[in-house]
Every structure is written in C-alpha cells, then in structure tokens.
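Here is what each chain is made of, one letter per residue.
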Amino acid sequence: MLNETAIKELQEIRSKYPSARSALLPAIYVAQREFGWLSEEAYEAVSEVLGVPKAIARGVGAFYAMYKHRPMGRNIIQLCTNVSCMILGAERLADYLKSHYGLVPGGTTEDGRFSLVIMECIGACGTAPAMLVNDEFYENLSEQYIEEILAKFT
Amino acid sequence: MITVTINEKEITLEKPITVLEAARSAGISIPTLCYHPALERYGGCRLCLVEVEKMPRLQTACTLMTADGMIVRTETDAIAGVRRGILEFLLINHPLDCPYCDKAGECELQDLVEKYGPTTGRFKEKKRKMPESLEDAIIVRNMERCIVCTRCVRMCEGVQGASAIAVMERGGHSHIEPFSGGKYDCEYCGNCISVCPVGAIMSRMHRHSYRPWQMTDQVETICPYCGVGCTVTAQVRDDAIKRIIPKLGSPVNNGLLCSRGRFGYEFVGNRDRLTRPLIRKNGVLEESTWEEAIHRVTQKLGEIKEKYGSSSVAGIASPRCTNEDNYVFQKFMRVTIGTHNIDSTARTGYAGAQQFIENIFGQGATANIISGISRSDVVFVVGGDPTTVNPILGLQIRACSRKGGAVLTLGKVSGLRYFSPHALDPASFTETVLLEGIVTELKNRKELSGSHSSLESNIKDIAVSVEDVIKECKIREDDFHSFITLLSEASNPVLIIGKEIIQSNGASYKLLLLSAINYLINGRIYLLSERANEQGLLDMGCASDLLPGSRPVEVAELRRRYERAWHVTLPDKPGLTLFEMIHGAKEGSVRAMYVMGENPLFNLPNSENVKEALGNLDFLVVQDLFMTETAESADVVLPALSWAEKEGTFTNMERRIQKLRKVISRAGKEDWRIISDVSGNMGVSFPYDSAEDVFAEISKVSPLHRDLTYDDIEEGEALWPFKGEPLRGGMEISCNKGDGATESGKYFLAIDRPLFHSGTLSRKSSALMRLCPEAVARISSTTAAELSVTDGDSIRISTRIGSLSLPVFIDEAYDGSLIKVSNNFRGKGVFSLMEYSLDPVLKSPCMDNVIIEIEKSDRHVQRDPKNDSEVKK
Ligand code: SF4
Ligand code: SF4
Ligand code: SF4
Ligand code: FES
Ligand code: FES
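Caption draft 1: Focus on the site of ligand 1. Within the structure, ligand 1 sits among I139(B), C156(B), A162(B), I165(B), Y184(B), C186(B), E187(B), Y188(B), C189(B), G190(B) and C192(B). Here the shell around ligand 1 is composed, by residue class, of nine nonpolar, one polar and one charged.

Caption draft 2: Structural view of the packing of helix α6 (residues 90–101) of chain A against helix α7 (residues 143–151) of chain A. Residue and element names in this part refer to chain A. Where α6 contacts α7, the axes come no closer than 10 Å and their chain directions differ by 50°. As judged from the angle between their axes, α6 and α7 are oblique. Two packed elements cross with a definite hand, and for α6 against α7 that hand is right-handed. In contact with R92, L93, Y96, L97 and Y101 of α6, α7 contributes E143, I146, E147 and L150. Its residues placed into classes, the contact of α6 with α7 shows six nonpolar, no polar and three charged.

Caption draft 3: How the structure looks around the interface of chain B and chain A. At the interface, 15 residues of chain B touch 17 residues of chain A. Counting the surface lost from both chain B and chain A, the interface buries some 1300 Å², and carbon and sulfur atoms represent 59% of this. Of all residues in chain B, R170(B), F179(B) and Y418(B) give up the largest surface area on contact with chain A, accounting jointly for 51% of the area buried on that side. Across the salt bridge formed by E157(B) and R21(A), the nearest N and O atoms sit 2.4 Å from each other. Scanning the region where chain B abuts chain A turns up five residue pairs in polar contact (both at pLDDT 80 or more). Considering each element in turn, the side of chain B that touches chain A owes the most residues, four residues, to strand β7 (residues 165–168) of chain B.

Caption draft 4: Representation of the domain arrangement of chain A within the structure. Structurally, chain A comprises domain 1 (4–63) and domain 2 (75–150). Placing the centre of domain 1 of chain A and that of domain 2 of chain A at their C-alpha centroids yields a distance of 29 Å.

Caption draft 5: Structural context of the side chain of T339(B). All names here are of chain B. Along the polypeptide, T339 turns up in the loop between α8 (323–337) and β16 (342–343). Judged by its relative accessible area of 3%, T339 is buried. Reaching out from T339, the side chain makes a polar contact with the backbone nitrogen of N341 at a distance of 2.9 Å. Apart from the residues lying within four places of it in its own chain, the contact partners of T339 are S310, S311, V313, M333, R334 and P571.

Caption draft 6: Focus on the sheet that holds strand β20 (residues 494–497) of chain B. Residue and element names in this part refer to chain B. What the five strands build is an open sheet, ordered β19-β18-β17-β20-β21; its pairing is parallel. Taken across any chain shown, the strands that pair with only one partner, and hence form the sheet edges, are β19 (421–424) and β21 (524–527). Taken pair by pair, the neighbouring strands of this sheet meet at an average axis angle of 20°, ignoring direction. Two elements, strand β17 (residues 378–382) and β20, share four bridges in a ladder whose sense is parallel.

Caption draft 7: The packing of aromatic side chains, seen in detail. Residues and elements named next belong to chain B. Inspection of the entire model under this criterion finds 19 aromatic pairs over all chains. Arranged with centres 5.8 Å apart and planes meeting at 70°, the rings of F332 and Y594 form a pair that is edge-to-face. Of this pair, F332 sits in helix α8 while Y594 sits in strand β24 (residues 592–596), and the two are 262 residues apart along the sequence. As far as burial versus exposure is concerned, F332 and Y594 are alike and both buried. Over the face of the ring belonging to Y308 we find R591, whose NZ or CZ atom lies 4.2 Å from the ring centre. Above the plane of the ring of W290 lies K669, whose end atom (NZ or CZ) is 4.6 Å from the centre.

Caption draft 8: A look at the nonpolar core. All names here are of chain B. In terms of nonpolar packing, the biggest core is built from 230 residues, with I438 and Y594 touching the most fellow members. For this core, the element with the highest residue contribution is helix α17 (residues 507–521), accounting for eleven residues. In terms of nonpolar packing, the next biggest core, distinct from the first, is built from 24 residues, L285, I316, L614 and V622 among them.

Caption draft 9: Looking closely at the site of ligand 2. Lining the immediate surroundings of ligand 2 are 13 residues, of which C146(B), C149(B), T150(B), C152(B) and C196(B) lie closest. Tallied by class, residues from the shell around ligand 2 come to eleven nonpolar, one polar and one charged.

Caption draft 10: Structural view of the domain arrangement of chain B. Taken domain by domain, chain B holds domain 1 (2–75), domain 2 (123–266), domain 3 (278–349 + 536–645 + 666–698) and domain 4 (747–867). Summarising the inter-unit geometry, the C-alpha centres of domain 2 of chain B and domain 3 of chain B are found 40 Å apart.

Caption draft 11: Focus on a nonpolar patch on the surface. Residues V83(A), M86(A), I87(A) and L88(A) make up a contiguous nonpolar surface patch of about 390 Å² in total accessible area. Within the element layout of this structure, L88(A) appears in the loop between α5 (83–87) and α6.

Caption draft 12: Representation of a negative patch on the surface within the structure. Residues and elements named next belong to chain B. On the surface, E467, D468, E472 and E477 cluster together to form a negatively charged patch. The element that contributes the greatest number of residues to the negative patch is helix α14 (residues 466–473), accounting for three residues. Tracing the sequence through the fold places E472 in helix α14.

Caption draft 13: Looking closely at the pattern of salt bridges. Residues and elements named next belong to chain B. Throughout the structure, instances matching the rule amount to 53 salt bridges over all chains. D478 serves as the salt-bridge partner of R476, at 3.4 Å between the closest nitrogen and oxygen. The two residues R476 and D478 agree in class, both being exposed. One salt bridge connects E714 with R661, and the closest N-O pair in it is separated by 2.5 Å. Of this pair, E714 sits in helix α26 (residues 710–714) while R661 sits in the loop between β28 (657–660) and α24 (671–681), and the two are 53 residues apart along the sequence. Residue classification places E714 among the partly exposed residues on the basis of a relative accessible area of 41%. Accessibility expressed as a relative area gives 23% for R661, which makes it partly exposed. Three or more residues joined by partner-sharing salt bridges are found here, namely D97, E132, R145 and R207.

Caption draft 14: Broad picture of the pairing of strand β15 (residues 313–316) of chain B. Residue and element names in this part refer to chain B. Alternating residues of β15 divide into V313 and G315 and A314 and I316, and every residue in both groups is buried. Pairing of β15 with β24, which is carried by four bridges, proceeds in the parallel orientation. Across the sheet, the residue bridging to V313 is A592, located in β24. Alignment of β15 against β16, held across two bridges, turns out to be parallel. Paired with G315 across the strands is I342, a residue of β16.

Caption draft 15: Structural view of the sheet that holds β24(B). Residue and element names in this part refer to chain B. With respect to topology, seven strands assemble into an open sheet ordered β14-β13-β26-β25-β24-β15-β16, the strand pairing being mixed. Each edge of the open sheet carries a strand with a single partner, namely β14 (284–287) and β16. Each of β15, β16 and β24 is contacted by helix α20 (residues 578–587), which is oriented at about 135° to β15, the strand it contacts most.

Caption draft 16: How the structure looks around the side chain of T298(B). Structurally, T298(B) can be placed in helix α7 (residues 290–308). Excluding its chain neighbours within four sequence positions, the residues that come into contact with T298(B) are V678(B), N681(B) and M682(B).

Caption draft 17: Quick look at unusual backbone geometry. Omega for the peptide link from A128(A) to P129(A) comes to -10°, which places this bond in the cis form. Mapped onto the secondary structure, P129(A) falls in the loop between β2 (114–119) and β3 (131–133). Following W720(B), the chain continues to P721(B) via a peptide bond in cis, the omega torsion being 0°. Summarising the element assignment, P721(B) is placed in the loop between α26 and β29 (748–752). Positive phi, close to 45°, is recorded for S163(B), a residue that is not glycine. Under the relative-accessibility criterion, S163(B) is labelled buried at 7%.

Caption draft 18: Here's a closer look at α7(A). Residues and elements named next belong to chain A. Within α7 the residues assigned to the buried category are I146, I149 and L150. Down the axis of α7, the buried set is contained in an arc of 90°. They therefore lie on one face. Among the exposed residues of α7, those oriented more than 90 degrees off its buried face are Q144 and A151. The elements touched by buried residues of α7 are β1 (75–80), α6, β2, β3 and β4 (136–138).

Caption draft 19: The arrangement of the environment of A631(B) in detail. Residues and elements named next belong to chain B. Relative to the elements of secondary structure, A631 occurs in helix α23 (residues 629–632). The class for A631 is buried, based on a relative accessible area of 0%. Placed 34 residues apart in sequence, A631 and G597 show a C-alpha to C-alpha distance of 9.9 Å. Residue contacts for A631: discarding those within four places in its chain leaves L285, V622, F626 and V637.

The rules behind each value
Residues numbered from 1 in each chain as written. Chains lettered and ligands numbered in written order. Predicted model: local features only at pLDDT ≥ 70, side-chain atom pairs only at ≥ 80, totals over all residues. Heavy atoms only, no water. Near = heavy atom within 4 Å. Nonpolar A, V, L, I, M, F, W, Y, C, P; charged D, E, K, R; others polar. Axes fitted to C-alpha atoms, helices over the stretch in contact; angles between N-to-C directions. Helix = DSSP H or I, 4+ residues; strand = E, 2+ residues; numbered from the N terminus. Parallel < 35°, antiparallel > 145°, perpendicular 65-115°, else oblique. Left-handed = near helix turned anticlockwise from the far one by under 90°. Contact = heavy atoms within 4.5 Å. Buried area = accessible area lost by both parts, 1.4 Å probe. Salt bridge = Lys/Arg side-chain N within 4 Å of Asp/Glu carboxyl O. Polar contact = N/O pair within 3.5 Å; in protein donor to acceptor, adjacent residues only side chain to side chain. Domains from an automatic or database assignment. Buried < 20%, exposed > 50% of the residue type's maximum accessible area, 1.4 Å probe, protein only. Pairing = 2+ DSSP bridges. Phe/Tyr/Trp six-rings, centres within 6.5 Å; stacked < 30°, edge-to-face > 60°. Lys NZ or Arg CZ within 6 Å of the ring centre and 35° of its normal. Core = buried A, V, L, I, M, F, W, Y, C linked by side-chain atoms within 4.5 Å. Patch = residues over 30% accessible without salt bridge, like charges linked within 9 Å, V, L, I, M, F, W, Y side chains within 5 Å. Areas by Shrake-Rupley, 256 points an atom, 1.4 Å probe, with all protein chains shown as cover. Lys, Arg positive; Asp, Glu negative; His and termini not counted. Charge placed at Lys NZ, Arg CZ, Asp CG, Glu CD. Arc of directions from axis to C-beta.

Right, dumping it as structure tokens:
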C-alpha cells in the first residue's frame with residue numbers, strides 16, 4: 001500500500017484535472033516511484049486513490065514504453081543509440097557497459113544497482129553521444145566519463 | 001428531411017443517422033468489423049470506407065453522419081482495393097487456424113475475407129505468438145486471433161460498466177487483457193464474448209463440442225433466474241443445451257445477459273436430476289412408479305383432510321415455476337383441498353412490499369419498464385445492490401449515470417462505485433431517521449398536491465430536524481443537502497427498492513417513508529425481484545390472501561367470480577402465510593404440506609426451526625428437480641420438468657408476461673400436470689391438455705389477465721395492465737415503526753446476494769460453481785484488521801441458534817461492520833444462523849439485527865471446484 005504522503009500527492013494530482021482518468025499518467029509515475037516499477041499493487045494503488053477501474057489504469061500505463069513495466073535496478077541508464085549518437089560511438093559505449101558492468105540492453109546488474117534501456121534519440125544530438133541516468137542528462141560521453149558518472153550512483 | 005444518394009439510390013431520412021445506418025436501412029451492405037449496433041461508434045478498423053462526393057479522402061461510413069444532398073458510393077475499384085488491403089493487414093498476424101477455431105462458421109473476419117479479401121498474403125515475416133490463455137475458468141482468450149477492434153473493451157466499459165479488460169501495449173503488440181493478465185475476476189457477463197467478431201475471446205463451456213452449423217435447434221425463451229426476465233436463445237445439439245446467447249433487439253435485455261443467464265443453464269442436464277418418483281418406505285426414500293406415488297399422495301392428503309379439515313393442509317408454491325404451474329397449484333389447494341393455505345417465498349419480502357405500495361398507489365405501481373431507468377435523471381437506490389440481484393436492471397442504472405443522471409444510494413453499493421454515486425451512509429439502524437429527514441426536507445421544498453389525502457396526512461406528521469438527522473446518522477450536512485437538492489429537482493426520478501430494507505426492523509414504516517418520498521418527487525418505483533416468476537406467482541393467486549389477479553380473498557363480491565368459475569364455495573378468510581404455515585406445522589395445526597419447486601428447509605430463516613416444523617408433519621410432498629434439503633425429509637418426492645423442458649409463461653418484475661418455450665425434451669411431467677393428476681385422483685378433475693389450456697382458463701378467471709392469449713404474449717403485447725382491470729389504490733395506510741430496539745453488538749450478520757448464485761439451483765451449474773465455489777464470510781478490510789485475519793483464514797460465526805465456520809473474503813469495495821454470508825451452499829447457509837421477527841404489516845421477516853460472535857478458526861483449505869460433489873454432469 002502507499003504511504004500517507006504518496007496518497008496525498010496522488011490526491012493533489014487528481015485535483016488538478018477535470019476527471020480522474022486525465023490524472024492517470026502523472027499518478028502512475030508516483031506509484032512507479034513508490035513501488036519501484038508498475039507492479040499490480042502499483043496499479044491497484046492508483047486505481048484505489050483515483051477511483052478509476054484498475055484494468056483501465058493498467059491499460060493506460062501499458063501503452064507507454066517509458067514506464068517501468070518490469071522490476072528494474074535502483075538507477076536507470078537510458079543510453080541513446082540513434083543516428084548521431086551511433087556515429088559518435090554509442091555502440092562502443094554499450095559494449096563498455098557490458099564488459100565493465102555486466103549490463104546488457106534491457107538488463108539489470110546483479111547487485112540491482114543499474115538497469116540499461118536503449119533509447120531512440122533523447123534530443124541531445126548536438127552533444128552526442130548522450131544518456132540519461134534517472135532524470136539527469138549526460139552528454140559528450142566517453143568510457144572514462146561514464147565511469148565517473150556511474151560512481152555517483154549507489 | 002434529409003435526402004442522400006447512395007449508389008445512385010435516393011434515400012430520405014427523418015433525422016440524421018450515420019451513412020452506414022442509412023445504407024443498411026436501404027438494403028445496401030457495407031462491410032464492417034469494429035462497428036456493433038450496441039456499442040459506441042469507434043471508426044477504428046477502416047473497413048467501412050466509402051467515397052463521398054466533395055470530400056477529399058475515403059470516409060468511414062460507421063461514423064460519418066448523413067447530410068442533405070450527400071452523394072455516396074460504396075462499391076468502387078478504389079474501395080475494393082482498400083478493403084483488400086485492410087484485410088491483408090489484419091491477416092499479417094491472424095493465425096488462420098479456422099479448422100481448429102470454434103468461431104469458424106460465425107466469424108466475421110472469415111466471412112469478410114472470403115467475400116472481399118486477398119486469397120494470399122504477401123508478408124513473409126513470422127506471425128506474432130501469444131499462447132492461448134486457459135487461466136480463466138470460463139473465458140478462453142486467444143490473442144493471436146484478436147484484430148483489436150476493441151468491441152469487447154467498449155462493451156465491458158461502455159455498456160456493462162465493469163471495465164475489467166483493456167487494450168494492453170500498442171501497435172503490433174496490442175492485445176486485450178483483464179487486469180491480472182490471466183484470470184478475469186470480473187462480472188462474467190460474457191457480453192464481451194457476444195461482440196467479439198472473431199474467435200479471440202470465447203466461452204470455455206462448449207469449447208470444441210459443437211460448431212454453429214451443427215446445432216439442431218435454436219429456441220428463444222426466458223432466463224430462469226431473476227425477475228428481470230431476459231430473453232435468451234438456447235442453442236441445442238442432440239437434445240442438450242450447448243450455449244445460451246442473447247438476442248439484439250429483445251425486450252428488457254436487448255442483446256445483453258448476466259453471468260447467471262448466460263452460464264447458469266447446466267443444471268438442466270445435471271445428472272443429479274431426479275428421474276423417478278420416490279416414496280418413503282420404512283424411513284427410506286425408495287424409487288416407485290408414478291401411479292403408486294400419486295396414489296400415495298392422494299390417499300394421504302385425503303385422509304388428513306378428512307380427519308383434521310382442509311385447513312390442516314398447506315401448499316408452498318414456486319417463483320421458479322410458470323404461471324400455469326402456479327395457477328393450477330393454487331386452484332388445487334383452493335378447490336380440491338378447500339383452503340387458502342397457499343403461499344410462497346415471495347412472502348419473505350416482495351409480496352408484502354408490493355401490496356403495501358399498491359395499497360397506496362394502486363395495483364401496478366411497481367410495474368415500470370426497466371429500460372426507462374436509463375432515461376431518468378435521478379435514480380435513488382435503497383436496500384441492496386441491484387447489479388447483483390437484478391444485473392440487467394443494474395446496467396440501466398449505470399447507463400443512467402453515464403448519460404449524466406445522478407445515482408443516489410442509501411448506504412454504499414459496491415456495484416455502482418464507479419458511477420459517481422452520491423451515497424448517504426447512515427450509522428447502523430438509523431435509516432428510519434434519515435428517511436424521515438428526507439421526507440421532512442422534501443415536503444418543505446415541495447407543495448403537497450392534495451391528490452392523495454391519506455398519504456398526505458401521514459406525510460404531515462413526519463418532522464425531524466436536519467440537525468437531528470446529521471447527528472444521529474453521522475453523515476455530513478453538505479452531503480445531505482445535495483442529496484435533497486438532487487431529489488427535489490429531479491424531473492423524471494426512479495426509486496429502486498431492494499430486500500435489505502424490506503427485511504429490516506420497522507420495514508413497513510420505512511416503506512411508508514419511501515412511498516412518501518416517491519409521492520413528493522413524483523417518481524416510479526421498482527421492486528427488485530430475485531426469482532424469475534415471483535411476480536407471476538402472486539398474480540396467479542399463490543398468496544394466502546389473494547386470488548388470481550390479486551383480488552383480496554375476504555371481499556365477498558370479488559370472491560364470487562372465482563366461486564362461479566370453479567363451482568365451489570371458497571373460505572371467506574385468508575389462509576396461512578408462509579411463516580404461519582411453519583408455525584402451524586410446529587405446533588400441530590398443519591398436518592400435511594405440499595411443496596412445489598421450493599426448498600423451505602434451506603431458503604427460510606432459522607432453518608433448524610423449519611426442519612423441526614417439517615419433521616413434525618404427518619405428510620410432506622415435494623415436487624422438484626433435485627434432491628434438495630426439503631426433499632430429503634419428504635414422504636413423497638415427485639420429479640418435475642425444468643424450465644427448459646416445458647411451455648408456459650413467466651411474468652417479470654415489470655409485469656411483462658413472456659413466453660417460455662420448450663428447448664429440449666425429456667421424459668416426465670410438468671408441475672401443473674402432476675398436480676392435475678393428483679387432483680383428478682382426488683375426484684376433482686382439471687381439464688387441461690397443455691399449458692395453453694391452463695392459460696386459457698387464467699384469462700377467463702383472472703380479471704387482470706382478461707382475454708389474454710398466447711398469441712398476444714408471443715407478439716409482445718402482454719405488458720401491464722394487459723387488457724385487465726387493475727385495482728385502485730388510496731387505501732387506509734397502516735404501518736409499524738418496529739420496536740426501535742437494536743442490540744448493541746459490534747458485528748451484525750447480513751445476507752450476501754452473490755452475482756453468481758441464485759437460491760440453490762445455481763449450485764447445480766458447474767460454471768457458476770467454478771466462479772463461486774464455496775460459501776465465504778464477506779468482511780471489510782477494517783473488520784479484517786480488527787479480527788486480525790487475512791484472505792485464506794477462517795472465522796467461526798455464532799448466533800444464539802447456530803454456528804458456521806467459513807473462510808473470510810475481504811471485499812475492498814465494501815466497508816462497515818456487517819459480516820455478509822450467502823444462502824446458497826449446502827450446510828453453509830446464512831439462514832441457519834438467522835433468527836427473525838415478523839413485520840406485523842408486511843408479514844415478512846426482519847433480519848437486520850442478528851448479533852454474532854466471531855472467533856478465528858482453523859486455516860481454510862481451498863475446495864477444488866473440479867471435485868465438487870454438487871456438480872455432476
Ligand atoms: S465477461 Fe463481462 S465483465 Fe467480464 S470482461 Fe467480459 S464484458 Fe467485462
Ligand atoms: S478480443 Fe475480439 S472483440 Fe476484443 S478487440 Fe480482439 S477481436 Fe475485437
Ligand atoms: S438479469 Fe436476471 S433474467 Fe437477465 S440474464 Fe441475468 S439472471 Fe437472467
Ligand atoms: S541520436 Fe542520440 S540524442 Fe538524438
Ligand atoms: S466499421 Fe467503420 S471503421 Fe470499423
């Protein structure tokens with residue numbers, strides 16, 4: 001179940017929208033944060049607080065690729081491998097993540113510290129290659145820079 | 001007037017409709033897939049594309065509205081190409097496993113591809129793989145076949161209102177799933193199955209056992225379960241029902257069904273059915289012949305009548321039997337035996353409540369059309385969850401809410417929780433004050449019209465202050481006021497009354513308050529009815545105080561009509577009501593009982609007491625389909641034919657008389673025929689060869705059914721008030737406020753009325769048993785926390801008269817301190833724990849004050865529905 005604060009947060013989100021269903025997307029984000037991923041419990045919590053049938057909540061969530069539909073590591077690396085990033089070496093960086101961290105696309109490190117998701121352009125083509133770790137942007141990546149960045153996350 | 005031209009044909013329309021509807025009305029066919037007449041328009045599959053002059057691209061005919069002067073073409077080369085293309089796309093992932101698919105033969109995709117589609121596809125890629133899901137007990141899901149037309153989702157959300165399934169993921173991965181991904185855990189109406197154009201969601205019940213073209217017969221009849229009276233089509237192969245489906249355009253249910261109606265038919269073919277008469281010999285029930293059994297009944301009833309008088313014999317009629325059965329039964333009791341001791345379980349609520357309301361507003365006050373509910377602007381629900389008691393009526397309330405109507409409920413109604421209910425949830429035992437408060441406030445806002453003086457004089461005496469209501473009922477003042485505002489400003493309101501309020505302390509006074517509210521808001525009343533022919537049985541005179549056509553027994557002028565028709569003199573006082581019969585049996589004034597299609601030993605409160613009473617009888621005859629609890633203690637058991645095996649009529653809660661048709665044949669006798677045989681043997685012969693003969697007599701004898709024929713009924717012309725003469729209302733009102741005493745227990749026992757069961761008949765239907773295999777104690781999560789129990793734990797519930805150990809079921813949609821237990825499962829019925837007192841006016845039991853003690857008992861082992869002894873096929 002959600003804690004009091006999270007329930008309040010959901011209710012606040014709800015109050016900003018004309019109908020409960022329109023509040024689903026931000027509400028699902030809150031539940032995802034609280035449960036770590038979009039488990040059945042997460043959707044049930046959203047459904048309960050917003051008063052939206054749970055299958056509807058799940059249907060909306062399931063449409064979007066950017067939610068976590070599977071259990072994931074504590075930190076999510078979203079690495080771009082689209083054209084600009086690819087030309088500037090993104091695939092090499094992916095290999096680096098694999099050899100040094102054991103991270104394959106879609107996978108999670110054994111210690112649960114990182115998960116890796118491959119993205120199609122995150123709008124940083126001018127400063128490629130680029131990635132997101134959780135909500136933060138990192139550009140002009142190199143192997144060494146990646147190592148420095150990831151050291152900050154536990 | 002709008003004139004459109006479709007394929008050079010001019011069509012004139014009264015009002016704008018879609019191009020598709022216009023074309024179809026003119027006999028021009030346009031292929032469709034996502035379109036379904038019962039569903040909201042969608043425009044998703046693009047198969048219905050047409051050319052419209054002056055419009056740039058092809059248009060979807062199912063969504064485009066006609067406009068004056070529109071010129072449409074439906075068969076051009078361009079359109080043919082597009083259709084072929086769309087079908088080719090749909091077949092990219094469709095497995096084309098038609099030889100193995102149950103839908104083949106009635107599959108819309110198959111038909112369309114055959115007519116318009118490409119014969120070969122050009123895609124070389126692999127098809128998507130999604131294994132068929134058999135995780136659910138009833139619904140099998142094959143998402144490889146799904147073409148994502150969303151008909152099922154629109155049905156479940158937009159019509160059924162269950163919102164149990166949704167489109168998951170997107171693009172080529174789109175598929176339909178219930179929340180859990182496997183089990184549906186929904187209302188199991190099966191309406192999604194009805195609308196799926198392909199074999200993507202299907203019933204498991206007839207899986208691989210027949211194909212549409214193999215059925216030998218298809219019969220339209222009426223659902224045997226509740227008082228809504230849905231039309232069902234039974235499909236038959238080799239004299240066994242294979243499938244029950246609804247029919248679009250039928251009255252009442254228009255293409256929809258509920259779980260009981262669709263999946264509950266298997267009791268018909270259950271191998272536990274009684275096949276031969278049984279006679280108790282040396283304490284044991286032994287098989288015998290019809291002659292011997294009927295002889296025994298005749299002889300014993302004759303003896304007892306001779307020795308103790310006619311009034312020592314009593315009869316219990318059946319709300320599951322037809323009008324014809326019930327008419328013959330009451331005639332037998334009145335004419336052959338010579339007593340008005342004929343009653344039924346309608347006495348547990350429906351009968352008394354209806355009579356009370358009719359005394360005020362006139363006969364037929366509750367005969368309102370169910371489909372009118374969705375067109376009203378305010379629905380006020382009191383005394384139960386209509387979505388489980390009368391599911392199809394429940395859908396009407398949901399539809400009303402969807403159209404912007406307000407749903408008001410007294411207490412929380414879990415089946416309406418997503419329909420923005422305005423719920424006033426008064427503290428336990430304060431409904432009376434709340435209703436008085438509502439009456440007071442309404443009368444302050446509305447003028448009394450003066451049209452009903454006795455009711456108005458009662459209304460004038462009612463006065464409670466808002467402060468008192470708020471304080472006693474522990475509700476919020478705002479909520480109360482907005483409730484009153486909605487009620488008083490309603491222009492077309494309806495009031496829906498369920499058994500929970502009729503079976504509570506002071507019920508007749510509460511009904512007076514509800515009648516007052518109804519009068520003040522000028523509403524229409526609907527009385528929920530749990531049995532298919534509860535209304536019909538009353539109209540046939542299976543009540544100790546009413547003759548056929550609901551004429552009171554004690555009025556001599558009215559009685560004469562029947563005496564002339566039946567050539568007898570009838571007793572001038574009413575007979576014993578149901579509960580008086582039980583009491584009479586217990587103390588020895590009732591010596592013999594004839595029970596037709598009813599199970600009083602299980603279906604009446606304080607079952608132990610009923611058992612003792614019936615055990616005390618000199619002679620008990622039971623006529624039934626199965627060896628029920630009551631049949632087990634009978635002296636003679638007579639096997640009857642079921643609803644599917646006979647002709648006749650049912651009268652639903654709207655008082656619509658509908659025709660039951662014989663679906664399959666089986667050796668045996670209808671209830672009315674068995675009783676006629678007994679009567680003939682007793683020297684009073686009844687001249688009927690068929691149910692229609694019986695009905696012909698009904699239409700002569702009953703002033704309500706005057707001149708009505710089977711032909712009228714077949715033509716759907718048997719709507720209230722038929723061609724008959726209803727009695728007027730405006731009678732003197734007497735009611736009883738109850739003793740007001742409430743025991744101050746922490747937990748109270750209440751009757752659970754589950755969606756998947758109905759009396760004890762549904763436990764002989766394997767599908768319903770799979771959906772709801774065993775009795776549970778339904779509790780709120782608050783109660784669960786207080787008792788420190790979780791799902792899977794058991795509790796022992798004890799009252800002064802008994803105790804039961806039951807697994808708990810924590811119902812998230814429900815709060816409060818009531819513990820709800822159903823009365824469906826053998827040895828586990830809530831009525832074995834329930835004491836009652838009788839409402840002196842309604843003569844129905846009050847059971848809302850049963851205080852219980854609870855303790856945690858052993859952990860519960862889930863029963864395997866596959867090994868269920870109740871269900872054998
Ligand atoms: S059976 Fe009824 S409630 Fe269940 S998913 Fe289908 S439409 Fe919805
Ligand atoms: S399951 Fe059937 S009705 Fe539902 S979307 Fe798929 S094809 Fe359409
Ligand atoms: S609503 Fe009643 S009559 Fe209709 S299908 Fe369900 S049980 Fe049968
Ligand atoms: S291609 Fe990588 S950010 Fe745009
Ligand atoms: S039927 Fe018109 S778009 Fe599907």
